[in-house]
Amino acid sequence: MTDHTCVRCGAVTPPHDVVSVASPDGGFRLLCSRCFNTEMAHLADVGAFEHPEFTPVRLPDSDGLEHEFHFRSLLFGDQLSLEAFELTSGDEDRAGFRFQLLGDPQSDPFELLGNLVQKVKRALAVRHLVEHAGNLEVAGTTVRGRIEWDSRENGRLPCLVIDGKRVDWTDFGAMLMAFEGWQFRIELVDPSDEA
Ligand SMILES: [Zn+2]
């Protein structure tokens, strides 16, 4: 993935910190998150908004394996979105853990960060899939994950990200065959809510 140049401030910005903004002329402008927030604060009349920037943190999962989380904060009118995500590349483009919280833009951003880190820690403490004889199996009777675009399926079928790892839809189906005859319940949860 290549870096982009923010059209407003000229900063060379990594792809995960770039926002594509629609222009009145029908085109798109690429802005860094700081410039996006500056413009949004102006448009939404959020006075004295300070763009928060957080350095990455490393947090261990239930196996003691460390995950490096980067943060991005975006102002959406009257809400500040804070995301924590792992950087991934290539085929695993959409894999990795990813979390979001929404908060009041006028409140202390470090409080929001603290709450998000707690959310990440709660999620990392639980493992939904276990490896058994080289195959992944459902560890308990609940699976939490994220629905992502699968470019190999051209969007026809999703791929899932469970425990931060990409799982093909058909592989997930194979895992479910261990529960043949069981019932299931699917609940779809907004990214900023707790799954
Ligand atoms: Zn910029």
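Basis of the calculations
- Residues numbered from 1 in each chain as written.
- Predicted model: local features only at pLDDT ≥ 70, side-chain atom pairs only at ≥ 80, totals over all residues.
- Heavy atoms only, no water.
- Helix = DSSP H or I, 4+ residues; strand = E, 2+ residues; numbered from the N terminus.
- Buried < 20%, exposed > 50% of the residue type's maximum accessible area, 1.4 Å probe, protein only.
- Areas by Shrake-Rupley, 256 points an atom, 1.4 Å probe, with all protein chains shown as cover.
- Lys, Arg positive; Asp, Glu negative; His and termini not counted.
- Charge placed at Lys NZ, Arg CZ, Asp CG, Glu CD.
- Core = buried A, V, L, I, M, F, W, Y, C linked by side-chain atoms within 4.5 Å.
- Contact = heavy atoms within 4.5 Å.
- Pairing = 2+ DSSP bridges.
- Axes fitted to C-alpha atoms, helices over the stretch in contact; angles between N-to-C directions.
- UniProt positions renumbered as here; feature names shortened; annotations may be inferred.
- Domains from an automatic or database assignment.
- Buried area = accessible area lost by both parts, 1.4 Å probe.
- Polar contact = N/O pair within 3.5 Å; in protein donor to acceptor, adjacent residues only side chain to side chain.
- Nonpolar A, V, L, I, M, F, W, Y, C, P; charged D, E, K, R; others polar.

- By the naming in an unreviewed UniProt entry, the protein chain goes by DUF2199 domain-containing protein and is assigned to Paraburkholderia terrae.

**Quick notes on the overall build of the protein chain**
Part 1: The helix and strand inventory of the protein chain stands at 3 helices and 13 strands.
Part 2: Summarising its shape, the C-alpha atoms of the protein chain cover approximately 55 × 35 × 30 Å along the three principal directions.
Part 3: In the protein chain, which comprises 195 residues, the proportion classed as buried is 35%.
Part 4: Carbon and sulfur atoms form 51% of the exposed surface of the protein chain, whose accessible area is close to 12,400 Å².
Part 5: Across the protein chain, the 18 positively charged side chains and the 33 negatively charged ones have centroids separated by 1 Å.

**A word on the nonpolar core**
Part 1: Ranked by internal contacts, the top residues of the largest apolar core, which has 20 residues, are Phe69, Phe71, Leu82, Leu116 and Val120.
Part 2: The dominant element in this core, judged by the number of residues it contributes, is helix H2 (residues 109–124), at 6 residues.
Part 3: When sequence neighbours within four positions are dropped, the list of residues in contact with Val120 reads Leu59, Phe69, Ala84 and Phe99.

**Here we look at the sheet that holds strand E6 (residues 66–76)**
Part 1: Pairing within the open sheet is antiparallel, and its 4 strands lie in the order E5-E6-E7-E8. Two strands bound the open sheet, and with one partner strand each, they are strand E5 (57–60) and strand E8 (98–103). The mean angle between the axes of side-by-side strands here comes to 30°, regardless of whether they run parallel or antiparallel.
Part 2: On top of the sheet, H2 reaches E5, E6, strand E7 (79–85) and E8; it is set at about 145° to E8, its chief contact.

**Thoughts on unusual backbone geometry**
Part 1: Positive phi is not limited to glycine here, since Asp45 has a value of about 60°.
Part 2: On the secondary structure map, Asp45 appears in the loop between helix H1 (33–43) and E5.
Part 3: Residue class for Asp45 comes out exposed when judged on its relative accessible area of 70%.
Part 4: A positive phi angle is found at Asn154, which is not glycine, with a value near 55°.
Part 5: With respect to the secondary-structure elements, Asn154 resides in the loop between strand E11 (146–149) and strand E12 (158–162).

**Some details on the UniProt feature "domain: DUF7713" (unreviewed entry) in the protein chain**
Part 1: Per the UniProt record, the feature "domain: DUF7713" (unreviewed entry) sits at residues 129–193.
Part 2: Here residues 129–193 is 12% helix and 32% strand, with 22 Å between the C-alpha atoms at its ends.

**Topic: the domain arrangement of the protein chain**
Part 1: Taken domain by domain, the protein chain consists of domain 1 (4–124) and domain 2 (129–179).
Part 2: A C-alpha centroid distance of 26 Å is found between domain 1 and domain 2.
Part 3: Approximately 700 Å² of surface area, both sides summed, lies buried where domain 1 meets domain 2, with 45% of it carried by carbon and sulfur atoms.
Part 4: There are 2 residue pairs in polar contact (both at pLDDT 80 or more) connecting domain 1 and domain 2.
Part 5: Grouping the amino acids of the side of domain 1 that touches domain 2 by side-chain chemistry returns 2 nonpolar, 1 polar and 4 charged.

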